[in-house]
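Overview (structure and organization)
Spelled out, the chains give:
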Amino acid sequence: MLYNNMLINFELEGATMHQLNLHRLATFQVVAKHCSYSRAAEELHFSQPAVSAQIRLLENSLGVRLFDKIGHKTHLTPAGEELYRYSEKIFALIDETIETMDTLRNPHYGHLRVGADTTVGTYVVPRVLGKFRQLYPNVEITLEVVNRGYLVDDLSQNRVDMVIMGKIPTELPAFVAPFAPNELVLIAPPTHRLAGCKRIPFAELAREHFLLREVGSGTRSALEQAFQNAGYPLLVSMQMGNNSAIKQSVAAGLGIALISRVAIDIELETNRLVILDAEGFPITLQWRLVHLKDKNLSATARAFKNFLLQNSEIPPALST
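Calculation rules
- Residues numbered from 1 in each chain as written.
- Predicted model: local features only at pLDDT ≥ 70, side-chain atom pairs only at ≥ 80, totals over all residues.
- Heavy atoms only, no water.
- UniProt positions renumbered as here; feature names shortened; annotations may be inferred.
- Helix = DSSP H or I, 4+ residues; strand = E, 2+ residues; numbered from the N terminus.
- Polar contact = N/O pair within 3.5 Å; in protein donor to acceptor, adjacent residues only side chain to side chain.
- Contact = heavy atoms within 4.5 Å.
- Core = buried A, V, L, I, M, F, W, Y, C linked by side-chain atoms within 4.5 Å.
- Buried < 20%, exposed > 50% of the residue type's maximum accessible area, 1.4 Å probe, protein only.
- Pairing = 2+ DSSP bridges.
- Axes fitted to C-alpha atoms, helices over the stretch in contact; angles between N-to-C directions.
- Parallel < 35°, antiparallel > 145°, perpendicular 65-115°, else oblique.
- Left-handed = near helix turned anticlockwise from the far one by under 90°.
- Nonpolar A, V, L, I, M, F, W, Y, C, P; charged D, E, K, R; others polar.
- Salt bridge = Lys/Arg side-chain N within 4 Å of Asp/Glu carboxyl O.
- pLDDT = per-residue confidence, 0-100.

In the nomenclature of an unreviewed UniProt entry, the protein chain is known as LysR family transcriptional regulator of Dictyobacter formicarum. Regarding the protein chain, the UniProt comment filed under Sequence similarities (unreviewed entry) reads as follows: "Belongs to the LysR transcriptional regulatory family."

In structure tokens:
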């Protein structure tokens, strides 16, 4: 290990600034180990006068004597003994630091912090993370599944490496890439008056009361935009904060709802819910990979980003 020109500045009593040159400290450590200038010179491939010069410079910078010459033997002074003890700690910490930095350059280790909005984070991202974990089994993964407002805050506060979300945060300078389509469908209980009907006119939908996600939800925004474009008012039955509550409420006959297709596989299989065939639906949006534009991604985060985009469900022509 080379420590040339590496300095540590510190102050002793009297506010005098001192410098601890790590190259000289490494030389001192070898001399102290052998208690011999000549043997240290052999190990370091220096001349003995060069080794002696390094020790004198170190003593001058610290203001203490480090070695005593008694007869033909070299002995550590009390200050030298203390410095040797601390030098072992210093170089052990430096080696640990370098080892940690090497680990962070290796994508097979480290910590990956991913955020996702509630739908994609519940039904899509875990499957992707499972495949990534097979390739990188030693990576520690944290998945934060929250609504859009919390995701934007996580990004701005640098609490996550990247997020997967639908509605792009225009308030942040961000890298954005398409990840997967998000097909939004209308759902109702099997006993609903419109269940089984073909090409239901928008005018019929406008007679229904809808269960909505929270304000700011991409699904809610898409439904409100569809009604605005069609020129009909949207009748709201209830507002709910998650897909599970919406599915349960629709099944209970409290209204109909727009929801991501990936969230209703079990309900369709068990015939608890049906998809309505209506004019203007389904609505296809996109989930996107987002991270701060200036963020320095770790090797692990870069590996996950590449993995995510390579396994994207977006056709190549749309992935630019």
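Further notes follow.
1. Overview of the side chain of Asn182
Mapped onto the elements of the fold, Asn182 is located in strand S8 (residues 174-188). Of the polar contacts made by the side chain of Asn182, one reaches the side chain of Ser260; its length is 2.7 Å. If sequence neighbours within four positions are ignored, Asn182 has contacts with Ser260, Ile283, Thr284, Leu285, Gln286 and Trp287.

2. Details of the nonpolar core
In terms of nonpolar packing, the biggest core is built from 23 residues, with Leu112, Val120, Phe132, Phe179 and Phe304 touching the most fellow members. Where this core is concerned, the elements lending two or more residues are strand S5 (111-116), helix H6 (125-135), strand S7 (162-165), S8, strand S13 (283-292) and helix H12 (299-310). No other element matches the 5 residues that H12 contributes to this core. Filtering out sequence-adjacent residues up to four positions away, Val120 remains in contact with Val125, Pro126, Ile164, Phe179 and Trp287.

3. Focus: the pairing of S8
With respect to burial, S8 is a largely interior element, 11 of its 15 residues being buried. Two elements, S8 and S13, share 10 bridges in a ladder whose sense is antiparallel. Across the sheet, residue Pro178 finds its bridge partner in S13, namely Arg288. Examined bridge by bridge, S8 and strand S11 (residues 256-260) share 4 bridges and lie antiparallel to one another. Across the sheet, residue Val185 finds its bridge partner in S11, namely Ile259. Inspection of the sheet shows S8 paired to strand S12 (residues 274-275) by 2 bridges, in the antiparallel sense. In the sheet register, Ala188 faces S12, and the bridge partner there is Val274.

4. Description of the packing of helix H1 (residues 22-34) against helix H2 (residues 37-44)
For the pair H1 and H2, the least separation of the axes is 8 Å and the interaxial angle reads 125 degrees. Judged on the interaxial angle alone, H2 and H1 are oblique. For the element pair H1 and H2, the recorded crossing hand is right-handed. Across the interface between the two elements, Thr27, Val30, Val31, Lys33 and His34 of H1 pack against Tyr37, Arg39, Ala40, Glu43 and Leu44 of H2. Here the contact of H1 with H2 is built from residues that sort into 5 nonpolar, 2 polar and 3 charged.

5. Details of the pairing of strand S3 (residues 67-70)
With 4 bridges connecting them, S3 and strand S4 (residues 73-76) associate as antiparallel partners. Bridge pairing in S4 links Ile70 to Lys73. As consecutive antiparallel partners, S3 and S4 are separated by 2 residues, and within that stretch Gly71 has a phi angle of approximately 65 degrees, a positive value.

6. As for the UniProt feature "domain: HTH lysR-type" (unreviewed entry) in the protein chain
Residues given the UniProt feature "domain: HTH lysR-type" (unreviewed entry) here are residues 20-77. For the annotated span residues 20-77, helix accounts for 62% and strand for 17% of the residues, and the straight-line distance between the end C-alpha atoms is 18 Å.

7. Thoughts on the pattern of salt bridges
Pairing between side chains becomes possible if they bear opposite charge and their charged atoms approach one another. Scanning the entire structure with this criterion turns up 16 salt bridges. When salt bridges with common partners are traced through the structure, they connect Arg193, Glu204, Arg207 and Glu208 into a single cluster.

8. Observations regarding the confidence of the model for the protein chain
For the protein chain, mean pLDDT is 88; residues scoring 70 or higher make up 91% of the total. No element of the protein chain has a lower mean pLDDT than strand S1 (residues 7-12), at 50, and none a higher one than S12, at 97. Long-range and interchain partners of residues 10-17, a stretch whose pLDDT sits below 50, account for 11 contacts in this model, where long-range means more than four residues apart. Across residues 315-320 the pLDDT falls below 50, and counting only partners more than four positions away or on other chains, this stretch makes 4 contacts in the model.

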